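Here is what each chain is made of, one letter per residue.
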Protein chains: 2
Amino acid sequence: MPAPTSPPSSTGGPAGGPTGSRPGGRSARVRVAVHRAVQELVVDETGEGLTIPVVAARAGVHATTVYRRWGSVGELLADVATSRFSGDIVVPDTGSLRGDLERYAFDLAKDLGDPDTLALVRATIGTGGEQGAAACRGERQRQLEAILGREQARGEEPPSLERTTDAVLAPLYYRAVFTDDPLTPDWARGLVAHLLAD
Amino acid sequence: MPAPTSPPSSTGGPAGGPTGSRPGGRSARVRVAVHRAVQELVVDETGEGLTIPVVAARAGVHATTVYRRWGSVGELLADVATSRFSGDIVVPDTGSLRGDLERYAFDLAKDLGDPDTLALVRATIGTGGEQGAAACRGERQRQLEAILGREQARGEEPPSLERTTDAVLAPLYYRAVFTDDPLTPDWARGLVAHLLAD
């Protein structure tokens, strides 16, 4: 199904042909189309492995274009995950460590409870290797660092980043990725309570 | 490379042809060859998506044979994970909950620290969907249940399965799958210590 928001193009030739637009413009459109195709395909859950030809066909571009730009499915998934998981989440600032961590846990539980997000995380872990894993966890870890750093700036002694990762971040990811148990707010709050009772 | 333990076959025709062996025998050999091909391919980490034709070629069988038997890459990976993660680990019985959980955490850390195991877990999560995730966690969860049940039988009140999963199982899987931090024995012991200090 074509995206309804795209402007009408002139008689659309094959994606490889010159279209009169600036290279940067075309390049950006290819990126959007390929990223969207990946996000759609990982949600389909056909149980088939994702391949570049399949992504290219769904995006309406030549497979060679995708190979040239991303190299492999793993690098492509890492790129999609990086752009999906970067910079779209504000670090909570409620004035207390407990409040910040609860807000953080609620936000992450909600995000991982979204089937599109979960499908992308699973697919990226599956094919994106270490680069993909880093893309999935990177921003989340930096947010925790910011929350813990703010508590230190208040003159308190927060738990370490390692301990907070083990006690809050890890159970959220484990439950989302490995089980079909729901990530409820009460359960997420319990994770923070156990950490701060240590 | 042919497996050195295979008995010499008569002039090997294509895998689909009759070879004079019992169907069960051939079927079992196909299963072994396909499982081995999957285990090798997931370790290769080329960043390419795993597909049935690629698995079939590596295993030396027809792709149709693989499609007919497993249906999809996802179901195939779930089957490989089920057979890999079932029944090969003894539940520790050291006489104390702490001892059992520490042994359990060490064993799991060692297992997930093995690159072959980790590659299979990642690939199965990526393509095997809920069935694959269940195959990866199933036996591990049952072992925890057995450990906690034994503590109850001793008249004690162990932490719940949910709490133990969050505090011990989840950090082990998160660190293995999402980071490249080592799963050291000291760190694993610390997870148990935090749980039992609750």
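Quick notes on the rules
Sequence order as written defines residue numbering, which begins from 1 separately in each chain. A letter from A marks each chain and a number from 1 marks each ligand, given out in the order of writing. Where local features are concerned, this predicted model is filtered to residues with pLDDT of at least 70; where side-chain atom pairs are given and counted, the filter is 80 or more; whole-chain, interface and lining totals use all residues. Derived side-chain values reflect all non-hydrogen atoms in the structure, with water molecules and hydrogen atoms excluded from consideration. In this analysis the local bend is the angle between axes fitted, respectively, to the seven residues ending at and the seven residues starting at the residue. Secondary structure elements are defined from DSSP: runs of H or I of at least 4 residues count as helices, runs of E of at least 2 residues count as strands, and each element is numbered from the N terminus. For the exposure calls, accessible area comes from a 1.4 Å probe over protein chains only, and a residue counts as buried if that area is under 20% of its type's maximum, exposed if over 50%, partly exposed in between. Contacts are residue-level and defined by heavy atoms, with any inter-residue pair within 4.5 Å sufficient. Buried area: the sum, over both parts, of the accessible surface (1.4 Å probe) that disappears when the two are put together. Salt bridge, as applied in this entry: a Lys or Arg side-chain nitrogen positioned within 4 Å of an Asp or Glu carboxyl oxygen. Counting of polar contacts relies on pairs of N or O atoms within 3.5 Å, with two restrictions inside protein: one atom must be capable of donating a hydrogen and the other of accepting it, and residues adjacent in sequence are counted only when both atoms are side-chain atoms. Each residue gets one label: Ala, Val, Leu, Ile, Met, Phe, Trp, Tyr, Cys and Pro are nonpolar, Asp, Glu, Lys and Arg are charged, and the others, such as Gly, are polar. UniProt positions are given in the numbering used here, feature names are shortened, and annotations may be inferred rather than shown by experiment. By this rule the span expected of a helix is its residue count minus one, scaled by 1.5 Å. By definition, the arc is the one covered by directions from the helix axis to the C-beta atoms. Copy-to-copy superposition: least squares on the C-alpha atoms, limited to residues that have pLDDT of at least 70 in both copies. Geometry of aromatic contacts follows a simple scheme: Phe, Tyr and Trp rings, the Trp one being its six-membered ring, pair when their centres are within 6.5 Å, and the pair is stacked under 30 degrees between planes, edge-to-face over 60, tilted otherwise. Only when the NZ atom of a Lys or the CZ atom of an Arg is both within 6 Å of the ring centre and within 35 degrees of the ring normal do we say a charge sits over the ring.

(A) View of helix α8 (residues 161-178) of chain A. Along α8 of chain A, the sharpest change in direction is near 35 degrees and occurs at Ala 170 of chain A; proline Pro 171 of chain A comes one to four residues later. For α8 of chain A, the buried fraction is high: 16 of the 18 residues fall into the buried class.

(B) Structural context of the interface of chain B and chain A. Residue-level contacts link 42 residues of chain B with 42 residues of chain A. Contact between chain B and chain A buries roughly 3300 Å² in total, counting both sides, with carbon and sulfur atoms accounting for 58%. Broken down residue by residue, the surface that chain B buries against chain A is led by Ile 125, Tyr 174 and Phe 178 of chain B, which jointly contribute 22%. When the shortest N-O distance is used, the salt bridge between Arg 175 of chain B and Glu 162 of chain A registers 3.2 Å. The interface formed by chain B and chain A holds eight residue pairs in polar contact (both at pLDDT 80 or more) in total. Contributions of two or more residues to the side of chain B that touches chain A are made by α4 (73-85), α6 (115-127), α7 (129-153), α8 (161-178) and α9 (185-196) of chain B. The dominant element in the side of chain B that touches chain A, judged by the number of residues it contributes, is α8 of chain B, at twelve residues. Split by residue class, the side of chain B that touches chain A holds 17 nonpolar, 14 polar and eleven charged.

(C) How the structure looks around the UniProt feature "DNA-binding region" (unreviewed entry) in chain A. Within this numbering scheme, the UniProt entry marks residues 51-70 of chain A as carrying the feature "DNA-binding region" (unreviewed entry). The span residues 51-70 of chain A carries 80% helix and 0% strand; its end-to-end C-alpha distance comes to 12 Å.

(D) View of helix α9 (residues 185-197) of chain A. Residues and elements named next belong to chain A. With 13 residues, α9 should reach 18 Å at 1.5 Å per residue; the first-to-last C-alpha distance of 18 Å fits that figure. Residues of α9 that are buried: Trp 187, Ala 188, Leu 191, Val 192 and Leu 195. Along the long axis of α9, the arc covered by the buried residues comes to 145 degrees, so they all point the same way. Exposed side of α9, more than 90 degrees from the buried face: Pro 185, Asp 186 and Ala 197 are the residues found there.

(E) Region of interest: the relation of the copies chain B and chain A. For the pair chain B and chain A, the best superposition has an RMSD of 0.0 Å and corresponds to a rotation of 180 degrees with a translation of 0.0 Å parallel to the axis. This pairing of chains is accounted for by a two-fold axis. Within chain B, Gly 126 of chain B has its C-alpha nearest the rotation axis, a separation of 1.9 Å. A shared binding surface is used by both copies, with 100% of the interface residues of chain B retained as interface residues in chain A.

(F) A look at the environment of Arg 103 of chain B. Residues and elements named next belong to chain B. Topologically, Arg 103 is positioned in helix α5 (residues 97-112). Along the chain, Arg 103 and Pro 92 lie eleven residues apart, while their C-alpha atoms are 6.3 Å from each other. For Arg 103, the contacting residues outside a window of four places in its chain are Pro 92 and Thr 94.

(G) Geometry of the packing of aromatic side chains. Tallied over the full model, the rule gives six aromatic pairs over all chains. Seen from their ring centres, Phe 178 of chain A and Tyr 173 of chain B are 4.8 Å apart, and the 55 degrees between their planes marks the pair as tilted. Here Phe 178 of chain A, found in helix α8, pairs with Tyr 173 of chain B, found in helix α8, and the two come from separate chains. For the pair formed by Phe 178 of chain A and Tyr 173 of chain B, the shared burial category is buried. Here the aromatic cluster, defined as three or more aromatic residues joined through ring pairs, consists of Tyr 173 of chain A together with Tyr 174 and Phe 178 of chain B. Over the ring of Trp 187 of chain A we find Arg 175 of chain A, and its NZ or CZ is 3.9 Å from the ring centre.

(H) Layout of the environment of Gly 49 of chain A. Note that Gly 49 of chain A resides in the loop between α1 (23-44) and α2 (52-59). Taking the C-alpha atoms as reference points, Gly 49 of chain A and Ala 123 of chain A, 74 residues apart in sequence, are found 9.3 Å from one another. Ignoring any residue separated from it by four or fewer positions in sequence, one finds Gly 49 of chain A in contact with Leu 50, Val 73 and Thr 127 of chain B.

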